[in-house]
Amino acid sequence: MYTGTLSFDLLLGDVRSLKEKRSVVRPIVAELRRRFVVSVAEVGGQDLYRRTEIGLAVVSGDAGRLTEVLDECERWVAARPEVELLSVRRRIHGGEDE
């Protein structure tokens, strides 16, 4: 079994309130969940209205497929016009990890 995580540090575009922030972040989280069948949530920066951290996790029996899903998620988030991807943190754990 392989598990992988991504953590995206995002700068939001023209957002002036936490309510506007939610209207940007919620669709991103929902689409990642729907399109790539991953566990995903806003995990940081909840009190900041122009920054957010979104984390996602994937479990797979195949390391190649796991890497493919993580790559697709990263490309999809990077292509979003309403956010600027500041950094990505990736971790992969395999069956031999203790």
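Only a predicted model underlies this, so the values are computations on that prediction, with no experimental measurement involved.

Cut-offs and rules
- Residues numbered from 1 in each chain as written.
- Predicted model: local features only at pLDDT ≥ 70, side-chain atom pairs only at ≥ 80, totals over all residues.
- Heavy atoms only, no water.
- Salt bridge = Lys/Arg side-chain N within 4 Å of Asp/Glu carboxyl O.
- Helix = DSSP H or I, 4+ residues; strand = E, 2+ residues; numbered from the N terminus.
- Buried < 20%, exposed > 50% of the residue type's maximum accessible area, 1.4 Å probe, protein only.
- Polar contact = N/O pair within 3.5 Å; in protein donor to acceptor, adjacent residues only side chain to side chain.
- Contact = heavy atoms within 4.5 Å.
- Pairing = 2+ DSSP bridges.
- Core = buried A, V, L, I, M, F, W, Y, C linked by side-chain atoms within 4.5 Å.

What follows concerns the pattern of salt bridges. In this structure the tally under the stated criterion is nine salt bridges. Between Arg35 and Glu31 there is a salt bridge, with the nearest N and O atoms lying 3.1 Å from each other. One end of the pair, Arg35, and the other, Glu31, are both in helix α1 (residues 18–36), four residues apart, so they sit about a helical turn from each other. A residue is classified by how much of its surface remains accessible, and Arg35, at 45% relative accessible area, is partly exposed. Residue Glu82 pairs with Arg80 through a salt bridge whose shortest N-O separation is 3.5 Å. The class for Glu82 is partly exposed, based on a relative accessible area of 27%. What emerges from the salt-bridge pattern is a single network uniting Glu31, Arg34 and Arg35.

Before going further, it helps to examine the side chain of Thr52. As for its position among the elements, Thr52 is in strand β3 (residues 51–60). A polar atom in the side chain of Thr52 sits 2.8 Å from the side chain of Glu42. In this structure, Thr52 is in contact with Phe8, Asp9, Leu10, Leu12, Lys21, Val25, Glu42 and Gly44, ignoring residues within four places of it in sequence.

Quick look at the pairing of β3 now. Pairing of strand β1 (residues 2–12) with β3 involves 10 bridges; the strand directions are antiparallel. Within the sheet, the bridge partner assigned to Thr3 lies in β3 and is Val59. Pairing geometry for strand β2 (residues 39–44) and β3, over five bridges, is antiparallel. Bridging across to β3, Ser39 finds its partner in Ala57. Hairpin connection from β2 to β3: six residues lie between these consecutive antiparallel strands, with Gly45 at a positive phi of about 70°.

Moving on to the nonpolar core. In this structure, Leu32, Val38, Ile54, Leu56 and Cys73 are the most contacted members of the largest nonpolar core, which totals 23 residues. Of all the secondary-structure elements, those providing two or more residues to this core are β1, α1, β3 and α2 (63–78). Discounting chain neighbours no more than four positions away, the residues touching Ile54 are Leu6, Ser7, Phe8, Leu10, Val25, Ile28, Val29, Leu32, Val40, Ala41, Glu42 and Val43.

This part takes up the pairing of β1. Relative to strand β4 (residues 83–93), β1 is paired through 10 bridges, and the arrangement is antiparallel. Each residue of the ladder has a partner; that of Leu11, found in β4, is Glu84.

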